[in-house]
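# Per-entry structural report
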Amino acid sequence: QVQLVESGGGLVQPGGSLRLSCAASGRDFSQHAMGWFRQTPGKEREFVAAIRWNGLTYYTDSVKGRFTISRDKTKNTVALQMNTLKPEDTAVYYCAAPFTPYALTSRETNEFHYWGQGTQVTVSS
């Protein structure tokens with residue numbers, strides 16, 4: 001059974017930092033893209049960042065220069081380092097992966113088939 005489990009969320013003041021982690025089990029994702037999405041109440045889930053099997057990374061414009069996605073293929077994990085957090089970054093953050101290895105994923109949620117349960121990030125003073 002494939003599982004993606006996020007951790008590292010919490011409450012942080014504006015300008016602060018958090019590091020989210022996602023641990024995958026049940027399948028080797030070393031040759032898969034892995035991504036982070038976020039969702040706030042009443043809104044659709046939106047793309048945040050992704051890293052492809054070859055290490056290529058891409059981000060939504062609003063987090064460029066502040067967030068960094070990375071992975072450890074040996075541990076089957078992916079992380080999202082979030083710096084200079086803003087109140088508008090408040091959301092539930094989800095880790096995701098596509099079913100197919102070597103997939104040329106973009107920013108669409110329907111390209112990702114495995115999802116974690118989410119971790120809450122709240123940016124507030």
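Residues numbered from 1 in each chain as written. Predicted model: local features only at pLDDT ≥ 70, side-chain atom pairs only at ≥ 80, totals over all residues. Heavy atoms only, no water.

## Brief notes about the state of the cysteines
Taken as a whole and assessed by the stated rule, the structure comprises 1 disulfide. Here cysteine 22 connects covalently by a disulfide to cysteine 95, the sulfurs 2.1 Å from one another. Classification of the bridge connecting cysteine 22 and cysteine 95 rests on its S-S torsion, roughly -75 degrees, and on that basis the disulfide is left-handed. Here cysteine 22, found in strand 3 (residues 18-25), pairs with cysteine 95, found in strand 9 (residues 91-97); they are 73 residues apart in sequence, far enough to count as distant. Assigned by exposure class, cysteine 22 and cysteine 95 land together as buried. (Disulfide = S-S within 2.5 Å. Helix = DSSP H or I, 4+ residues; strand = E, 2+ residues; numbered from the N terminus. Buried < 20%, exposed > 50% of the residue type's maximum accessible area, 1.4 Å probe, protein only.)

## Brief notes about the side chain of arginine 66
Looking at the secondary structure, you find arginine 66 in the loop between strand 6 (57-59) and strand 7 (67-72). At 2.9 Å, the side chain of arginine 66 and the backbone oxygen of serine 62 are in polar contact. (Polar contact = N/O pair within 3.5 Å; in protein donor to acceptor, adjacent residues only side chain to side chain.)

## Here's the deal with the pattern of salt bridges
This model, assessed by the stated rule, comprises 4 salt bridges. A salt bridge links glutamate 46 to arginine 38, with the nearest nitrogen and oxygen atoms 2.6 Å apart. Given the relative accessible area of 6%, arginine 38 is considered buried. In this structure, the salt-bridge partner of aspartate 89 is arginine 38, at a minimum N-O distance of 3.0 Å. Of this pair, aspartate 89 sits in the loop between strand 8 (77-82) and strand 9 while arginine 38 sits in strand 4 (residues 34-39), and the two are 51 residues apart along the sequence. With a relative accessible area of 1%, aspartate 89 lands in the buried category. Through salt bridges with shared partners, a single network forms among Arg38, Glu46, Arg66 and Asp89. (Salt bridge = Lys/Arg side-chain N within 4 Å of Asp/Glu carboxyl O.)

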